[in-house]
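Residue-level structural notes
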Amino acid sequence: SQSVHITTIGAGGGSIAGIDEVGSLKVGPQSAGATPGPACYGLGGTSPTVTDANLVIGLLNPDNFLGGRLEVSLDKARQAIMTIAQNFGVSIEEAALGIYRIVNAHMVQAIQAMTIRKGIDPRDFTMVAFGGAGGQHAAEVAREVGIETILVPPRPSTFSAFGLLLSLIHI
């Protein structure tokens, strides 16, 4: 019998950015979840999230979010991130980029903990980008750790749930 070791690394789009007790920018572990969700969803969330940051820096198209099935508000995303920007005296775009970079740094650190610190070269592997925002972060994270190949499966936002269902079938 063969097995595959799988470890998931990431932060959800609902992960909330804030200022920690020493005044540094942090992301997570708190999450806005799906309800109320990121501020840009317009469902009552007001906290700055990874999705809000990705929208502000242009990784998401506000005019075609989820193929046009969900209307998002760039203004609400910018408003949520404004508190972070004001705290550090930077533009909203710079604050959003900081959120993006911190999320990526968390994923890089996790990959390094699973590979380099155990004597495994991550450059020998393919990164599988899944989750709703996996493709938005994969290239930057892979570049940082030296992974040259990224696989984005069909319907990456449902990849984990699909895998769970398949595992139940084989029990």
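Residues numbered from 1 in each chain as written. Predicted model: local features only at pLDDT ≥ 70, side-chain atom pairs only at ≥ 80, totals over all residues. Heavy atoms only, no water.

Here helix α2 (residues 74–88) is 15 residues long and its end C-alpha atoms lie 21 Å apart, about the 21 Å a rise of 1.5 Å per residue gives. The sharpest bend along α2 comes to roughly 35°, located at Met-82. Of the residues making up α2, those classed as buried are Ala-77, Ala-80, Ile-81, Ile-84 and Ala-85. Buried residues in α2 make contact with β1 (15–19), β2 (25–31), α1 (50–56) and α3 (92–114). Positive backbone phi, approximately 65°, marks Gly-89, located one or two places after α2. (Helix = DSSP H or I, 4+ residues; strand = E, 2+ residues; numbered from the N terminus. Expected span 1.5 Å × (residues − 1). Bend = angle between axes of the 7 residues up to and from the residue. Buried < 20%, exposed > 50% of the residue type's maximum accessible area, 1.4 Å probe, protein only. Contact = heavy atoms within 4.5 Å.)

Further remarks concern the packing of α3 against helix α4 (residues 134–145). Across the interface, α3 lies against α4 with an axial gap of 9 Å and an inter-helix angle of 50°. Accordingly, the angle class assigned to the pair α3 and α4 is oblique. Here α3 runs over α4; the crossing is right-handed. Two secondary-structure elements touch here, α3 through Tyr-100, Val-103, Asn-104, Met-107, Val-108, Ile-111 and Gln-112 and α4 through Gln-136, His-137, Glu-140, Val-141, Glu-144 and Val-145. Of the residues assigned to the contact of α3 with α4, the class counts are seven nonpolar, four polar and two charged. (Axes fitted to C-alpha atoms, helices over the stretch in contact; angles between N-to-C directions. Parallel < 35°, antiparallel > 145°, perpendicular 65-115°, else oblique. Left-handed = near helix turned anticlockwise from the far one by under 90°. Nonpolar A, V, L, I, M, F, W, Y, C, P; charged D, E, K, R; others polar.)

Consecutive side chains of a regular strand alternate in pointing toward one face of the sheet and then the other. Within β1, four of the five residues are buried, leaving the element largely enclosed by the surrounding structure. Where β1 and β2 come together, four bridges link them in antiparallel fashion. For Ala-17, the partnering residue across the bridge sits in β2 and is Val-27. Count of turn residues in the β1/β2 antiparallel hairpin: five residues, of which Gly-23 carries a positive phi of about 90°. (Pairing = 2+ DSSP bridges.)

Put simply, the protein has an average pLDDT of 88, and 93% of its residues get 70 or more. Ranking the elements of the protein by mean pLDDT puts helix α5 (residues 159–169) last with 77 and α2 first with 97. (pLDDT = per-residue confidence, 0-100.)

Between α2 and α3, whose axes approach to 8 Å, the crossing angle comes to 85°. It follows from the interaxial angle that α2 and α3 lie roughly perpendicular. Residue-level contacts link Arg-78, Ile-81, Met-82, Ile-84 and Ala-85 of α2 to Ile-92, Glu-93, Ala-95, Ala-96 and Ile-99 of α3. Here the residues of the contact of α2 with α3 sort into eight nonpolar, no polar and two charged.

Moving on, we come to the pattern of salt bridges. Inspection of the entire model under this criterion finds three salt bridges. Measuring nitrogen to oxygen at the nearest pair gives 2.3 Å for the salt bridge that ties Glu-93 to Arg-78. Here Arg-78 lies in helix α2 and Glu-93 lies in helix α3, a separation of 15 residues in the sequence. Accessibility expressed as a relative area gives 27% for Arg-78, which makes it partly exposed. Put simply, Arg-123 and Asp-121 hold a salt bridge, and the shortest N to O gap is 2.8 Å. (Salt bridge = Lys/Arg side-chain N within 4 Å of Asp/Glu carboxyl O.)

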